[in-house]
Amino acid sequence: MSASVTQDMSLFHLISSASLPVQLVMALLLVTSFLSWWFIFRKLFVIRQAMKQSDEFENVFWKGPDLNALFQSAASSRHTAGSMERIFEAGFREFIKHKRQPGMDISTVMDGTRRAMRATYQREMDSLESHLSFLATVGSVSPYVGLFGTVWGIMNSFRGLSNVTQATIAHVAPGIAEALIATAMGLFAAIPAVIAYNRYANNIDRLATRFESFMEELSNVLQRQATG
């Protein structure tokens, strides 16, 4: 008798014997959780690499090398360069192009340089922020999806009591257990997504601040070079 009860209350049995809507909710949450973890690990490496590349480029930049040589290096490694290096390349390329044009005012040169850097900055930020909205959606929606499965499972449990003359905990326990599994799966999908989203959003905000500061500093350096 105890072995039968144990088998009936096992996790696999509860999931396999759940009603179709609850199984669909569980399957949806499982797929969502896998996708969420994939993006969590992917963004972890992407953001770490962006921070490392920004540190390395800033160290090289502020050592005072020849900007033309630094530009050639950035242009030759465009596909492997970091975000800050690509911002520098775009700005310096535009600066050289406008400066070579005769009669070009310095303010016009600097406006074009800043626009080029800003456009590249926006593209880099879009790339860094990709899939963060998915994590935010998973974190906010998954508990409610799990709650829907819970409510449906409990409704089925109490609906089954209408055919029983004497209700006991043994009649409702399996149904309530399978319903609560849906809630647990919803939380399992939501909690890591929320934690990862908050951490990555903070890291990306810090990178954005560094990029904006670098663009201002580079603009000052180029303006001094143009007027020197």
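Residues numbered from 1 in each chain as written. Predicted model: local features only at pLDDT ≥ 70, side-chain atom pairs only at ≥ 80, totals over all residues. Heavy atoms only, no water.

1. Quick look at the nonpolar core
Phase 1: One finds Phe61, Phe88, Phe92, Leu135, Tyr200 and Phe211 to be the most contacted residues of the largest nonpolar core, which totals 39 residues.
Phase 2: Among the elements of the structure, α3 (20–61), α4 (67–76), α5 (83–99), α6 (106–129), α7 (132–160) and α8 (169–227) are those that each provide at least two residues to this core.
Phase 3: Ranked by residues supplied to this core, first place goes to α8 with 13 residues.
Phase 4: Ignoring sequence-local partners within four residues, the contact set of Leu135 consists of Ser36, Phe39, Ile40, Ala193, Ala196, Tyr197 and Tyr200.
Phase 5: Membership of the second largest hydrophobic core comes to six residues, among which are Val25, Met26, Leu29 and Ile181. (Core = buried A, V, L, I, M, F, W, Y, C linked by side-chain atoms within 4.5 Å. Buried < 20%, exposed > 50% of the residue type's maximum accessible area, 1.4 Å probe, protein only. Helix = DSSP H or I, 4+ residues; strand = E, 2+ residues; numbered from the N terminus. Contact = heavy atoms within 4.5 Å.)

2. Quick look at the UniProt feature "transmembrane region" (unreviewed entry) in the chain
Phase 1: As recorded in UniProt, the feature "transmembrane region" (unreviewed entry) lies at residues 20–41, 132–155 and 175–197.
Phase 2: Structurally, residues 132–155 comprises 100% helix and 0% strand, and the distance from its first C-alpha atom to its last is 35 Å.
Phase 3: Here residues 175–197 is 100% helix and 0% strand, with 34 Å between the C-alpha atoms at its ends. (UniProt positions renumbered as here; feature names shortened; annotations may be inferred.)

3. Re the pattern of salt bridges
Phase 1: This model, assessed by the stated rule, comprises seven salt bridges.
Phase 2: The salt bridge involving Glu124 is made with Arg86; its shortest N-O contact spans 2.8 Å. Placement of the pair is Glu124 in helix α6 and Arg86 in helix α5, with a sequence separation of 38 residues.
Phase 3: Among the residues examined, Arg86 registers a relative accessible area of 22% and is labelled partly exposed.
Phase 4: Arg118 is the salt-bridge partner of Glu212, the closest N and O atoms lying 3.9 Å from each other. Here the residue Glu212 occupies a position in helix α8, and Arg118 occupies one in helix α6, the gap between them amounting to 94 residues.
Phase 5: A single network of salt bridges, built from pairs that share partners, joins Asp55, Glu58 and Arg210. (Salt bridge = Lys/Arg side-chain N within 4 Å of Asp/Glu carboxyl O.)

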